[in-house]
Amino acid sequence: MKARTIGTAAAAAVAALAARDLLQKRHALLRNFPVAGHARYLLERIGPELRQYIVTSNEEERPFSRDQRSWIYASAKEENNYSGFGTEVDVAHVQGHAYLKQRTFAGPLPDAHDPQAPLPSAKVLGGPRGRAGAFRPSSVVNISAMSFGSLSGAAITALNEGAAQAGALHNTGEGGLSPYHCKGGGDLVLQLGTSYFGCRNEDGSFDLGKLKEVVASAPVRAIEIKLSQGAKPGLGGMLPGAKVTPEIAEIRGIPVGRDCASPSRHSAFGDADSMLDFVELLAAETGLPVGVKSAVGELGFWQELASMTARGDRGVDFVTVDGGEGGTGAAPRMFADSVSLPFRMGFSRVYGTFAELGLTDRLTFIGSGKLGLPENAAVAFALGADMVNVAREAMLSIGCIQAQKCHTDRCPTGIATQNPWLARGIDPASKATRAAVYLRTLRRELTKVSSAVGVAHPSLITPEDIEVLNGDYEARTLASVYGYKEGWGRLGPELAEEITALLTA
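Residues numbered from 1 in each chain as written. Predicted model: local features only at pLDDT ≥ 70, side-chain atom pairs only at ≥ 80, totals over all residues. Heavy atoms only, no water.

### Description of the sheet that holds strand S1 (residues 98-100)
And step 1. Taken in spatial order, the 3 strands of this open sheet run S1-S12-S13, and their pairing is antiparallel. The sheet terminates laterally at S1 and strand S13 (475-477), the two strands that pair on one side only. Geometrically, the sheet is characterised by an average inter-axis angle of 35° between neighbouring strands, direction not taken into account.
And step 2. With 3 bridges connecting them, strand S12 (residues 466-469) and S13 associate as antiparallel partners. Note on S13: the bridge partner recorded for valine 468 is arginine 476. (Pairing = 2+ DSSP bridges. Helix = DSSP H or I, 4+ residues; strand = E, 2+ residues; numbered from the N terminus. Axes fitted to C-alpha atoms, helices over the stretch in contact; angles between N-to-C directions.)

### Things to note about the pairing of strand S4 (residues 188-192)
And step 1. Within S4, 5 of the 5 residues are buried, which leaves the element mostly enclosed by the surrounding structure.
And step 2. Here S4 shows a buried face lined by Leu188, Leu190 and Leu192 and a second buried face lined by Val189 and Gln191.
And step 3. Both strand S3 (residues 170-171) and S4 contribute to a ladder of 2 bridges, which runs parallel. What sits directly across from histidine 170, in S4, is leucine 188.
And step 4. Here S4 runs beside strand S5 (residues 220-226); their pairing, made up of 5 bridges, is parallel. The residue bridging glutamine 191 from the neighbouring strand is glutamate 224, located in S5.
And step 5. A crossover connection joins S4 to the parallel S5 through helix H6 (residues 208-217); in handedness this β-α-β unit is right-handed. (Buried < 20%, exposed > 50% of the residue type's maximum accessible area, 1.4 Å probe, protein only. Right-handed = clockwise from strand over helix to strand, strands pointing away.)

### Brief notes about the nonpolar core
And step 1. Judged by nonpolar contacts, the single largest core of 106 residues is most densely connected at Leu211, Leu282, Phe347, Phe354 and Ile415.
And step 2. Counting residues per element, this core draws most heavily on helix H8 (residues 272-286), at 7 residues.
And step 3. What leucine 282 contacts, discounting residues up to four positions off in sequence, is Leu192, Phe206, Leu208, Leu211, Ile223, Ile225, Gly287 and Val290.
And step 4. By size, the runner-up hydrophobic cluster in this structure holds 8 residues, among which are Phe135, Val189, Phe318 and Met387. (Core = buried A, V, L, I, M, F, W, Y, C linked by side-chain atoms within 4.5 Å. Contact = heavy atoms within 4.5 Å.)

### Side note on the pattern of salt bridges
And step 1. Within this structure, the stated rule accounts for 16 salt bridges.
And step 2. Measuring nitrogen to oxygen at the nearest pair gives 3.2 Å for the salt bridge that ties aspartate 187 to arginine 221. With aspartate 187 in the loop between S3 and S4 and arginine 221 in strand S5, the pair connects residues that are 34 residues apart, well separated along the chain.
And step 3. A salt bridge links arginine 314 to aspartate 277, with the shortest nitrogen-to-oxygen separation between them at 2.7 Å. Of the two residues, arginine 314 is situated in the loop between helix H9 (300-309) and strand S9 (318-322) and aspartate 277 in helix H8; the sequence distance between them amounts to 37 residues.
And step 4. Via salt bridges that share partners, Arg129, Arg131, Glu280 and Asp317 belong to a single interconnected network. (Salt bridge = Lys/Arg side-chain N within 4 Å of Asp/Glu carboxyl O.)

Pasting the structure below:
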């Protein structure tokens, strides 16, 4: 018995010595290679980059695939943006893929290969309501709302100058009109969010006098009232405190270094009726076209707005429909993923609400939500959009790498940050040229697509000209998929003849 006990104790001692030796070796390894102990955290930080360049295929990545980003980069640099050896898309089996149906014969068409060819809107913005400042936008592709604060001053300057070179409109975003929006000479759309930045009293309420001063100080061509946006519908804007510099605080009238959360709803009006009164007030006082921007949720608001517009005494000049796919704004994941309808479904419902009452020629429809790619933009025009706004695609054109750090103030390219050291990475002059080239290239691609379909302008592409794959063996037209009635998604005859003559004269 005593011998057995001694043997057991000896075995335990040997095991203890082995465990101690193993522990000592592990500590030595971590001392000699400290990165090994932090490998997990390193991999988490560079995970997006690994997926972008190593793990995913050219078509898998979201929100923009490698092929999509490559097309934008090449277009902005005036490089070859063609692809060879056939498509990488499994075209026969990808559910929901859209296909345009080319026509064998066509009437007069514009030059689809001229990079400087104009592509104006088919509608006069503010014309149907007789606004004093009504105008025909010279570009159907314009830069969407991105505030100074969310983006650096250098990025805003580059985008504004690029818009000027391309003859496009530049939306200020809800952060207010900054000096950087005026450096490049681009025409502006002034956005009014729920905080009325730059046009507010000390208590945050709207100040009409300040609005008129802002409009008079810059080349503002239209006013957009933001009801909600796709990144965070129904929530209000959020500028992280890390981005609230003294300069931004002065422009917006908010405390330095604190999170800036805009209210979820407006204080200047509380329903569709009072909103139209507000729209008409702004239009009367400034002479500018006035519209609204919103993501799409419940349709009661849109039905009420359309029925009031049908009376003829009041109405918006344009409607910007934002997709719920999320965008440049910082947002809770829940809102980016699961609140409001995706663009195609949301836009078609809003358009159909006005089409039911025969109102679609009386206002301009603008689409927003990943429409800076030719195939997505073509679908938007076929559904009834008159213009498209681009945001993330414009950022990609000036150097964004989809690092997805917009909300951290650590954007490595200097675009979505207020860190001066990072923002130095942007040369506004060269990036402006790239933004302009990208905008012109996208317009040229839309002209090529329109010509393939046999029409002179993308607004003349109809819902019957595009089919969507439904399963492996069936395809349905856009009209069928989204419940469009006869004539929906089409310009009225006078507008169609006018824009065709304008482009083919």
